[in-house]
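Listed below, chain by chain, are the residues.
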Amino acid sequence: MIFYSTNIYSIFQVTKHIHNLNIDKKLYDKDTTIVDEIALVNMYGKYKNFFSLATKHCSHHNLVNNPIYDIYVEKVLMELNKRDGFSESKRKDLKDFQKFKCIVIDFREHYKLEEFNLKDIDRYICQLGKEFYTRKY
């Protein structure tokens with residue numbers, strides 16, 4: 001089973017990992033460092049990075065301040081940054097939540113979209129990505 005388009009095939013291991021982190025206080029305090037802690041999961045002796053899931057999990061706990069990463073968001077941000085140069089970031093920076101959030105904020109400021117919160121920007125970028133990068137058969 002693939003959960004929430006995150007390619008997680010062993011939900012129990014991931015759930016156990018998140019539970020063992022005791023993240024409630026960090027989520028309540030809006031501590032975004034928890035995203036990277038959630039992302040790195042020991043799956044039967046091998047560490048896997050479920051960064052997209054971690055951003056989604058934290059976004060559901062703090063909708064306006066935690067953008068969601070997925071492949072569509074990555075493609076849009078990298079393509080528009082290459083064209084318009086709104087951030088000094090590199091592709092690898094998108095997998096570090098603090099840097100990723102700054103890139104989304106840079107995007108918002110560059111295009112003068114400050115009236116929108118990060119959730120609004122996140123939804124827009126994701127929809128744009130799906131429109132341009134979804135395979136059409």
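Look above for the structure.
Residues numbered from 1 in each chain as written. Predicted model: local features only at pLDDT ≥ 70, side-chain atom pairs only at ≥ 80, totals over all residues. Heavy atoms only, no water.

Colleague: Give me the lowdown on the overall build of the protein chain, citing residues and values where you can.
Modeller: In terms of regular secondary structure, the protein chain is built from seven helices and two strands. The N-to-C order of helical and strand elements in the protein chain reads α-α-α-β-β-α-α-α-α. Compactness check: the protein chain gives a C-alpha radius of gyration of 15 Å against a globular reference of 14 Å for 137 residues, within 12% of the reference. Its C-alpha atoms give the protein chain principal-axis dimensions of roughly 40 × 40 × 20 Å. Counting over 137 residues, the protein chain shows a buried share of 42%. Here the analysis covers contacts within the protein chain between residues at least 6 apart in sequence; of these, 52% occur between residues at least 24 apart. Summed over all atoms, the accessible surface of the protein chain reaches about 8800 Å², with 54% contributed by carbon and sulfur. (Helix = DSSP H or I, 4+ residues; strand = E, 2+ residues; numbered from the N terminus. Rg over C-alpha atoms; globule rule 2.2 N^0.38 Å. Buried < 20%, exposed > 50% of the residue type's maximum accessible area, 1.4 Å probe, protein only. Contact = heavy atoms within 4.5 Å. Areas by Shrake-Rupley, 256 points an atom, 1.4 Å probe, with all protein chains shown as cover.)

Colleague: I'd like a description of the packing of aromatic side chains, backed by residues and values.
Modeller: Enumeration over the complete set of coordinates arrives at seven aromatic pairs. Ring geometry for Phe-86 versus Phe-107: centroids 5.6 Å apart, planes at 80°, classification edge-to-face. Highlighted residues: Phe-86 in the loop between helix H5 (71–84) and helix H6 (97–110) and Phe-107 in helix H6, separated in sequence by 21 residues. Both residues of the pair, Phe-86 and Phe-107, count as buried. Through a chain of ring-to-ring contacts, three or more aromatic side chains come together here, namely Phe-51, Tyr-69, Phe-97 and Phe-100. (Phe/Tyr/Trp six-rings, centres within 6.5 Å; stacked < 30°, edge-to-face > 60°.)

Colleague: Give me the lowdown on the side chain of Asn-66, citing residues and values where you can.
Modeller: Locating Asn-66 in the fold gives a position in the loop between helix H4 (51–61) and H5. Engagement of the side chain of Asn-66 in a polar contact is seen with the backbone oxygen of Cys-58, the distance being 3.1 Å. Excluding residues within four positions of it along the chain, Asn-66 makes contact with Thr-32, Cys-58, Ser-59, Phe-97 and Lys-101. (Polar contact = N/O pair within 3.5 Å; in protein donor to acceptor, adjacent residues only side chain to side chain.)

Colleague: With reference to specific residues and values, describe the pairing of strand E2 (residues 46–49).
Modeller: For strand E1 (residues 40–43) and E2, the ladder comprises four bridges, and the chain directions are antiparallel. Of the residues in E2, the one forming a bridge with Asn-42 is Tyr-47. (Pairing = 2+ DSSP bridges.)

Colleague: Break down the environment of Asn-49 for me, citing the residues and quoting the values.
Modeller: The topology assignment puts Asn-49 in strand E2. In this structure, the C-alpha to C-alpha distance between Asn-49 and Arg-83, residues 34 residues apart in sequence, is 29 Å. A polar contact is formed between the side chain of Asn-49 and the backbone nitrogen of Phe-51, at a distance of 3.1 Å.

Any link to function would need more than the numbers given here.
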